[in-house]
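# Analysis of the macromolecular model
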Number of protein chains: 2
Amino acid sequence: MTQTRLVEVRQNVLKHNDVLARQLRIRFQEAGVFVASFVSSPGSGKTAFLEKTLTMLRPNYRIAALVGDLATANDAARLSRAEVPVKQIETGTICHLEAQMVENALGDWDLNELDCLFIENVGNLVCPSSYDLGEALRVVLMSTTEGEDKPRKYPTIFNTADVAVITKMDLATAVEFDLKTARASIQAVRPGMKVFEVSSKTGAGMDEWRQFLQSQFVAKAETLLLETV
Amino acid sequence: MTQTRLVEVRQNVLKHNDVLARQLRIRFQEAGVFVASFVSSPGSGKTAFLEKTLTMLRPNYRIAALVGDLATANDAARLSRAEVPVKQIETGTICHLEAQMVENALGDWDLNELDCLFIENVGNLVCPSSYDLGEALRVVLMSTTEGEDKPRKYPTIFNTADVAVITKMDLATAVEFDLKTARASIQAVRPGMKVFEVSSKTGAGMDEWRQFLQSQFVAKAETLLLETV
């Protein structure tokens, strides 16, 4: 009985989130801002990867970031080193970001002044999967130190993501990470998924990632152009 | 409105879980079985640490384990190498174990035949914190590869745990893990918390961990003795 009511109420919350996310997506599209979100376990290197991404894109694009955590503004402080606008969202006891939190955090930012917005979700491989944030691209990260089987163990998050990034490749040998098994694990859950292999420390793989992001910006600009014709 | 109802229903679920957990705790006490649960991020080394713990205790104690995951029975398969009874709990899309799942999984196991039961929760640093499983000891694990700040970022899980274990100490140097900062981060959230530093790979720190567990068994046996006097 209680469980049935919980499912009902949860469905209402998700429905409410979907409506808000749809509005956000339209707002992002109208302002011409490309939005990518990052999801992963705690400690898989989201913030380091995001800092590297921001620093890499900053010379050519107007970018900003939102970062979610239960507590602390540590990540916003770290990301501010990339010298782009960053806001921290503290979720308290909530294990994921919601569209409403993103909308509130945007506050008085003028989206027309941005080319790209990155959203770093709370470190969690379960909860964020159900919450659309209005993003154009959802990126799931897994680090070599976590082992190869995470996609099979947490299939939903890999199924709701668009691309996967394997981080901490510099540690692959030290932790005896088997890339082939990891790739097979991703493909078993999400056949055809594009996978990047990177190291935020050494910079390996970052160029391919940058090229992919830029192709996404171009694809988006072309879509906008078509829509206005 | 919807949010208020969600909080209400969630409180009912938690209350229901607390009642069941209390019943489980009494059942465990009456059978004289010591129950410890492990919580951590995905990929922080819970299963490897548990396998090592089971193998270490097996010659002297009658032990069993329950392992939770969203999907796959990989962990149960890994743990079966320790040659103790193991059951996998698949939670589907639920991000934590609940007392009801533990009760169901116990099934026809005769608790009187056990000295110790280990429960490995779903890999998640948020959700499991609210769910009492009737355990006598809750162990929170964090790996050196996750960085030093996890306790400050996920304070609730550290607050609801009894002891902390820092895993993958063999990788500490490679990932430039600062033990002092990590210990300060734990103490800031949970002053006085006992912390173990281990490597399931090299076996470092495992002896101290074994001695601690054995002291817990003795303390428990003495309590039982006092209760029956």
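Residues numbered from 1 in each chain as written. Chains lettered and ligands numbered in written order. Predicted model: local features only at pLDDT ≥ 70, side-chain atom pairs only at ≥ 80, totals over all residues. Heavy atoms only, no water.

In this section: helix α4 (residues 99-106) of chain A. All names here are of chain A. Residues of α4 that are buried: Ala99, Met101, Val102, Ala105 and Leu106. For α4, the angular spread of buried residues about the axis comes to 160°, placing them on one side. Directly after α4, the chain includes Gly107, whose backbone phi takes a positive value near 50°. (Buried < 20%, exposed > 50% of the residue type's maximum accessible area, 1.4 Å probe, protein only. Helix = DSSP H or I, 4+ residues; strand = E, 2+ residues; numbered from the N terminus. Arc of directions from axis to C-beta.)

This part takes up the environment of Leu66 of chain B. Residue and element names in this part refer to chain B. Mapped onto the secondary structure, Leu66 falls in strand β2 (residues 63-69). For Leu66, a relative accessible area of 0% translates into the label buried. Spatially, the C-alpha atoms of Leu66 and Arg78 are 12 Å apart, while their sequence positions differ by 12 residues. The contact partners of Leu66, leaving out residues within four places of it in the chain, are Lys87, Ile89, Val102, Ala105, Leu106, Trp109, Leu117, Phe118, Ile119 and Glu120. (Contact = heavy atoms within 4.5 Å.)

Residues and elements named next belong to chain A. Strand order in the open sheet formed by seven strands is β3-β2-β4-β1-β5-β6-β7, with parallel pairing between adjacent strands. The outermost strands of the open sheet, each flanked by one partner alone, are β3 (86-90) and β7 (194-197). Between one strand axis and the next, the sheet turns through 20° on average, direction left out of account. By the bridge criterion, four bridges tie strand β6 (residues 163-167) to β7 in an arrangement that is parallel. Note on β7: the bridge partner recorded for Ile166 is Glu197. Against the sheet, α4 makes contact with β2 (63-69), β3 and β4 (116-120), and its axis sits at roughly 140° relative to β3, the strand it touches most. (Pairing = 2+ DSSP bridges. Axes fitted to C-alpha atoms, helices over the stretch in contact; angles between N-to-C directions.)

What follows concerns the pattern of salt bridges. Note on pairing: side chains with opposite charge can pair once their charged atoms come close. One pass over the full model with this rule turns up 24 salt bridges over all chains. With a closest N to O distance of 3.7 Å, Lys153 of chain B and Asp69 of chain A form a salt bridge. Remark: Asp69 of chain A occurs in strand β2 and Lys153 of chain B occurs in helix α5 (residues 150-153); the pair is interchain, linking two chains. In this structure Lys153 of chain B comes out as buried when scored by relative accessible area, which is 5%. What makes Asp69 of chain A buried here is its relative accessible area of 2%. A salt bridge links Asp149 of chain B to Lys150 of chain B; its shortest N-O distance comes to 2.9 Å. Here the salt bridges share partners, and the residues they tie into one network are Asp69 and Asp75 of chain A together with Asp149, Lys150 and Lys153 of chain B. (Salt bridge = Lys/Arg side-chain N within 4 Å of Asp/Glu carboxyl O.)

This part covers the interface of chain B and chain A. Contacts between chain B and chain A engage 41 residues on the former and 41 residues on the latter. Surface buried jointly by chain B and chain A totals about 3300 Å² across both partners, of which 59% is contributed by carbon and sulfur atoms. Across the contact surface, chain B and chain A share six salt bridges. Between Glu176 of chain B and Lys201 of chain A there is a salt bridge, with its nearest N and O atoms 3.1 Å apart. Between the two partners, chain B and chain A, sit 10 residue pairs in polar contact (both at pLDDT 80 or more). Secondary structure elements with two or more residues in the side of chain B that touches chain A: α1 (2-31), α3 (74-79), α5 and α6 (155-159) of chain B. For the side of chain B that touches chain A, the leading source of residues is α1 of chain B, giving eight residues. In terms of residue class, the side of chain B that touches chain A is made up of 16 nonpolar, 12 polar and 13 charged. (Buried area = accessible area lost by both parts, 1.4 Å probe. Polar contact = N/O pair within 3.5 Å; in protein donor to acceptor, adjacent residues only side chain to side chain. Nonpolar A, V, L, I, M, F, W, Y, C, P; charged D, E, K, R; others polar.)

Moving on, we come to the sheet that holds strand β3 (residues 86-90) of chain B. All names here are of chain B. Ordered in space as β3-β2-β4-β1-β5-β6-β7, the seven strands form an open sheet in which the pairing is parallel. The sheet is open, and its two edges are formed by β3 and β7 (194-197), each paired on a single side. Taking the axes of each pair of neighbouring strands and ignoring which way they run, one obtains an average angle of 20° across the sheet. The sheet contact formed by strand β1 (residues 34-39) and strand β4 (residues 116-120) spans five bridges and is parallel. Looking across to β4, one finds that Val35 is bridged to Leu117. Relative to β3, helix α4 (residues 99-106) is tilted by about 140°, and along the sheet it contacts β2, β3 and β4.

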